[in-house]
Amino acid sequence: MRQIKCDVVVVGAGPAGSMTAKWAAKNGVDVVLIEKRQEIGAPVRCGEGISKAWLDEVGIEVDPKWIARDIKGAKFVSPTGFTYFVDEKNAGNEVGWVVDRVFFDKALAKDAAKAGAKIMLKTAATGLIWKDGKVAGVKAVSHGEEIEILADAVVGADGYESQIGRWAGIDTSLKPNDILTCYQYRLTNIKYDCDYCEFVLGSAAPGGYVWVFPKTEDTANVGLGILTPLIKNLGDPKMYLDKFIAETPGLKDGQPLECVAGAVSVCAPLDSVCIDHVILVGDAARQIDPITGGGISNSCIAGMFAGKALAKAKETGDYTMNTFQEYEDNWRDRLENKLWRNWMAKEKLVTLDDATLDSLVKTISEVGVEKLSVRNLLAIVKEKHPDLVKEFEDLI
Amino acid sequence: MIVHIEKCHKCGACVGSCPQNAIYLNDVMLEFNENCNRCGRCVKICPVGALEMEGKE
Ligand SMILES: Cc1cc2nc3c(=O)[nH]c(=O)nc-3n(C[C@H](O)[C@H](O)[C@H](O)COP(=O)(O)OP(=O)(O)OC[C@H]3O[C@@H](n4cnc5c(N)ncnc54)[C@H](O)[C@@H]3O)c2cc1C
Ligand code: SF4
Ligand code: SF4
């Protein structure tokens, strides 16, 4: 069997994998980045909304090629249609761009390649290689050929469906209440407010929300997520979305250009996302924001920390927790508090009925927020509806 | 497990949600292995209803 040797094999060339590969390779690590699909970034499985604030931090250069639309603000719609607009001035970093993931993911992979990472497409990891009780690489099928990739560390950047973690014995399992199951169309021929990202709360998407993220003047990503325990019939997400579109005046004549299924985790931070010789990053590490379901930024931030820790491991020759603890510490310092707070807020939010959501949106629009962030929204809720946040008010 | 492959979007939602890690997905197919304990979670989670449990309503 053909064998490939490298320092680090990264499984999955989404944002998490490419960022990890880039930050490791640019610091001298010999990286092989494998991706089971035949094209990086496609098919798109994402609403493509990102904020702008974090791109500098992780060293991503903005390229107009991957920007589909510059967003002026966000629009929150309550179950009875009560609408709250947040515009650029007070939106802070929560709105930004709707991107094109086909180009965005490729741009990140290009950066990884430029830094020295080798990329293998149509190469799926099928299992781990163990030596003396330690992970020593991955088994893979590459263009139909069974191969072994021997490495000092394996990075699981294999997204929601991640298996690397589970193969390695890291507990990444999710409770039904922490899984949103999603469906989305790229919908064209629609009439809508193409400057705002729209979020529709309430029973249109039980336990989640409907999103309308503008791509162009007549085309948007229109999708929704439903919390698993609230699914009643098989295929509910698609059914609810079809219903929402049929009942929404500007959307009902829309026609689909793409359809997307998927799931996102909306869980509390995991206890541990690495062991000796294995690191999980991005959706594989369940680092998605539990309120927004957004995971692109967190994947990139965590990927940068993972890449840096791998560079340190290369330096010391120690690919165990001695070195990887730095990755755990760094991503937790940066993201963990927010993930906890937003998870608790989500746990509460999913229990609210349409009437309460209506009054929440109303309250927020009356008071207004200085800068839009989950934290600031919660601060208002704390003042006006203290009962809703009392279990986690110290985190606000 | 009955897979209605013509409905399936190969999205991996079922794979990531299976507590037994009993599902394998690649470009062309979805496979269930013997670790499946028929908990039904994947059936519920599939956004398009492409899975059906044999012998269950
Ligand atoms: C419907 C939907 C809408 C979303 N909308 C947004 C949004 O608007 N904004 C936002 O920020 N986030 C959004 N997200 C979340 C976002 O898509 C993810 O957080 C992000 O893609 C995570 O990046 P990643 O690199 O961790 O994983 P992914 O982007 O999923 O990349 C994982 C890669 O690993 C590959 N892979 C998997 N298994 C293997 C294997 N065995 N061998 C080789 N390769 C493998 C996959 O093919 C894939 O390319 C959405 C998610 C869904 C499902
Ligand atoms: S029924 Fe349960 S154990 Fe079986 S494949 Fe589905 S989720 Fe996994
Ligand atoms: S969740 Fe449904 S659509 Fe997605 S891969 Fe599994 S069976 Fe296919």
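Conventions we followed
Residues numbered from 1 in each chain as written. Chains lettered and ligands numbered in written order. Predicted model: local features only at pLDDT ≥ 70, side-chain atom pairs only at ≥ 80, totals over all residues. Heavy atoms only, no water. Axes fitted to C-alpha atoms, helices over the stretch in contact; angles between N-to-C directions. Helix = DSSP H or I, 4+ residues; strand = E, 2+ residues; numbered from the N terminus. Parallel < 35°, antiparallel > 145°, perpendicular 65-115°, else oblique. Left-handed = near helix turned anticlockwise from the far one by under 90°. Contact = heavy atoms within 4.5 Å. Nonpolar A, V, L, I, M, F, W, Y, C, P; charged D, E, K, R; others polar. Buried < 20%, exposed > 50% of the residue type's maximum accessible area, 1.4 Å probe, protein only. Pairing = 2+ DSSP bridges. Salt bridge = Lys/Arg side-chain N within 4 Å of Asp/Glu carboxyl O. Near = heavy atom within 4 Å.

(A) Representation of the packing of helix H1 (residues 15–25) of chain A against helix H3 (residues 101–115) of chain A in the model. All names here are of chain A. Remark: H1 packs on H3, axes separated minimally by 7 Å, with the N-to-C direction vectors making an angle of 20°. As far as their axial angle goes, H3 and H1 are roughly parallel. The way H1 lies across H3 gives a crossing that is left-handed. Between H1 and H3, the contacting residues are Pro15, Ser18, Met19, Ala21, Lys22 and Ala25 on the first element and Arg101, Asp105, Leu108, Ala109, Asp111, Ala112 and Ala115 on the second. Here the contact of H1 with H3 is composed, by residue class, of 8 nonpolar, 1 polar and 4 charged.

(B) Expanded view of the pairing of strand E12 (residues 179–188) of chain A. Most of E12(A) is tucked away: 10 of the 10 residues are buried. Neither face of E12(A) is left uncovered, since the one carrying A:Ile179, A:Thr181, A:Tyr183, A:Tyr185 and A:Leu187 and the one carrying A:Leu180, A:Cys182, A:Gln184, A:Arg186 and A:Thr188 both have all their residues buried.

(C) How the structure looks around the sheet that holds strand E7 (residues 96–99) of chain A. All names here are of chain A. Judged by pairing direction, the sheet is antiparallel, and its 3 strands sit side by side in the order E3-E7-E4 without closing on themselves. Edge positions in the sheet fall to strand E3 (49–51) and strand E4 (67–70), since each of these pairs with one other strand and no more. Averaged over neighbouring strand pairs, the angle between their axes works out to 35° when direction is ignored. Bridge count for E4 against E7 is 3 bridges, and the pairing is antiparallel. What sits directly across from Ile67, in E7, is Val99.

(D) A look at the pattern of salt bridges. Residues and elements named next belong to chain A. For the structure shown, the criterion picks out 24 salt bridges over all chains. Where Lys72 meets Asp195, a salt bridge forms, and the shortest distance between an N and an O atom there is 3.2 Å. Placement of Lys72 in the loop between E4 and strand E5 (73–77) and of Asp195 in the loop between E12 and strand E13 (196–201) is noted, with a sequence separation of 123 residues between them. Taking the shortest distance from any N to any O, the salt bridge between Lys238 and Asp242 comes out at 3.0 Å. Remark: Asp242 and Lys238 occur in helix H5 (residues 236–247); sequence separation between them is 4 residues, near one turn of the helix. Lys238 sits in the partly exposed class, given a relative accessible area of 28%.

(E) Focus on the site of ligand 3. For ligand 3, the full set of nearby residues is B:Cys8, B:His9, B:Lys10, B:Cys11, B:Gly12, B:Ala13, B:Cys14, B:Leu30, B:Cys46, B:Pro47, B:Val48 and B:Leu51. Each residue belonging to the shell around ligand 3 can be placed in one class, and the counts come to 9 nonpolar, 2 polar and 1 charged.

(F) Examining the side chain of A:Glu161 more closely. Looking at where A:Glu161 falls in the secondary structure, it is placed in the loop between strand E11 (145–156) and helix H4 (164–168). Sequence-distant contacts of A:Glu161, defined by excluding residues within four places in its chain, comprise A:Lys36, A:Arg45, A:Arg166, B:Cys11, B:Gly12, B:Val15, B:Gly16 and B:Leu25.

(G) Geometry of the sheet that holds E5(A). Residue and element names in this part refer to chain A. Taken in spatial order, the 7 strands line up as E6-E5-E13-E14-E15-E12-E16 in an open sheet, and their pairing is mixed. Two strands bound the open sheet, and with one partner strand each, they are strand E6 (83–87) and strand E16 (255–265). Taken pair by pair, the neighbouring strands of this sheet meet at an average axis angle of 15°, ignoring direction. Bridge analysis of E12 against E16 gives 10 bridges, and the strand direction is antiparallel. Bridged to Leu180 within E16 is Val264. Taken strand by strand, H5 contacts E12, E13, strand E14 (209–216) and strand E15 (219–227), and its axis lies near 40° from that of E12. Against the sheet, helix H8 (residues 354–367) contacts E5, E6 and E13, and its axis sits at roughly 40° relative to E6.

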